[in-house]
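A look at the structure
Chain residues, written in single-letter form:
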Amino acid sequence: MQTEDNLMEGLVSSRITPIHAGYRQHHSLFVPALSLQLTNKFNRSQVWMLKHPKSFNSVVASVQPLEASTLDRFENTLPSKEILELWRNADAVCFDVDSTVCVDEGIDELAEFCGAGKAVAEWTARAMGGSVPFEEALAARLSLFKPSLSQVQDFLEKRPPRLSPGIDELVKKLKANNANVYLISGGFRQMINQRLIIEQFPMKPVASILGIPPENIFANHLLFKSSEEFLGFDANEPTSTSGGKATAVQQIRKAYGYKSLVMIGDGATDLEARKPGGTDLFICYAGVQLREAVAAKADWLVFNFIDLINSLK
């Protein structure tokens, strides 16, 4: 049996496979009917914003044939009766944000906007070869471009977050089932919960669009000097360190005494949340990124949110 360190090193260094989208004929409600292909840099010619009065930054992806081998090599795309029961009766559901709630990876997008996309990507590639603590990886990436407050605000105005298809409907369905919804992210509060007033219309932040209150958000926080220059990040946030999402989930459970808690995400840090005192169920969402080592260890692997929506009572 692998040690925990070896396990996490394997997850970090695992191959990331882009997802091909398309429709397939299925005999079960829960086998993915639609999956998305979004490359690491999200070809913007294939993804566009829907100008909807309530959620103008939802996205639609180009439809391409789904490779049969993508599903065939996983045995967890069909939930067991026990897993389905846990999902349907969840008291609280925690979502990762980057590549889950949103199709973007926030820090990579911000770095590219600030002219340091290549440098950050190269550092990330080196970091993926070994077990680098999250706090070190976060500090190293930010030090490569040190975004000012005005740059962050300009970025949010020109590149508002793009929601994954179906996430708004899923959150509404969960709330209708009396489940509390949380966002737990290694990204930044400024990108998740900051509201901007744009000349044409106000930009609603992700949390506001989904109706998630600030107290239900666990994320990192960028710090700036009085001159608006980059200062660093708040190291007191649980998600600023390795194992932070597991810590956040444990804090949530302890504070509210939830009997059934679910985590949905795409990465190794989301899988970590399934620790003692953490989540009862980990659902791997691979609609944007398929991280095979994470997907293989998930309780349930989904390629779109339609399956989760339709499986709820």
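Each residue is numbered by its place in its chain's sequence as written, counting from 1. With pLDDT at 70 or above as the cut-off, local features in this predicted model cover only qualifying residues; side-chain atom pairs require 80 or more to be listed or tallied, and sums for whole chains, interfaces and linings still use all residues. Heavy atoms throughout the structure, all of them, feed into the side-chain values; hydrogens and water do not.

By salt bridge we mean one thing: a side-chain nitrogen of Lys or Arg within 4 Å of a carboxyl oxygen of Asp or Glu. Summed over all chains, the structure comprises 11 salt bridges. Linking Asp270 and Lys245 is a salt bridge whose minimum nitrogen-to-oxygen distance equals 2.7 Å. Residue Asp270 is located in helix α12 (residues 268-271), and its partner Lys245 is located in helix α11 (residues 244-256); the two are separated by 25 residues in the primary sequence. Here the two residues Asp270 and Lys245 agree in accessibility, since each one is buried. With a closest N to O distance of 3.1 Å, Asp299 and Arg274 form a salt bridge. Helical segments are the DSSP runs of H or I of at least four residues, strand segments are the runs of E of at least two, and each set is numbered from the N terminus. Accessibility here uses a 1.4 Å probe with only protein chains present; expressed as a share of the type maximum, an area under 20% marks a residue as buried, one over 50% as exposed, and anything in between as partly exposed.

On to the environment of Leu86, then. With respect to the helices and strands, Leu86 occurs in helix α3 (residues 81-88). Through-space distance from the C-alpha of Leu86 to that of Lys259 is 9.9 Å; in sequence the pair is 173 residues apart.

Here we take up the sheet that holds strand β13 (residues 261-265). Spatially, β10-β7-β6-β13-β14-β16 is the arrangement adopted by the six strands of the open sheet, whose pairing is parallel. The open sheet has two free edges, formed respectively by β10 (217-220) and β16 (300-302), since each of these has just one partner strand. Ignoring which end each strand starts from, the neighbouring axes of this sheet average 15 degrees apart. In terms of strand pairing, strand β6 (residues 92-95) meets β13 through four bridges, oriented parallel. Bridge pairing links Cys94 to Met263 in β13. The rule for pairing is simple: two strands pair if DSSP sees at least two bridges between them. Fitted lines through C-alpha atoms give the axes, limited to the stretch in contact for helices. The angle between two N-to-C directions lies from 0 to 180 degrees.

Right, let's talk about α11 for a bit. The span one expects for a helix is its residue count, reduced by one, times 1.5 Å. With 13 residues, α11 extends 18 Å from end C-alpha to end C-alpha; this agrees with the ideal 18 Å at 1.5 Å per step. Listing the buried residues of α11 in full gives Gly244, Lys245, Ala246, Ala248, Val249, Ile252 and Arg253. Note on definitions: a residue-residue contact is assigned when non-hydrogen atoms from the two residues lie within 4.5 Å. For α11, the elements touching its buried residues are β6, β7 (180-188), β10, β13 and α12. Gly257 occupies a position one or two residues after α11 and carries a positive phi of about 65 degrees.

What follows covers the packing of helix α4 (residues 106-113) against helix α6 (residues 134-145). In contact at an axis separation of 10 Å, α4 and α6 are set at 15 degrees when each is read in the N-to-C sense. If you check the angle between α4 and α6, you find them roughly parallel. The chirality of how α4 crosses α6 is left-handed. Counting all contacts with α4, which are made through Ile107, Leu110 and Ala111, the residues of α6 involved are Leu138, Arg141, Leu142 and Phe145. We call two directions roughly parallel when the angle between them is under 35 degrees, roughly antiparallel when it is over 145, roughly perpendicular when it lies between 65 and 115, and oblique otherwise. A crossing counts as left-handed when the near helix is turned anticlockwise from the far one by less than a right angle, and as right-handed when that turn is clockwise.

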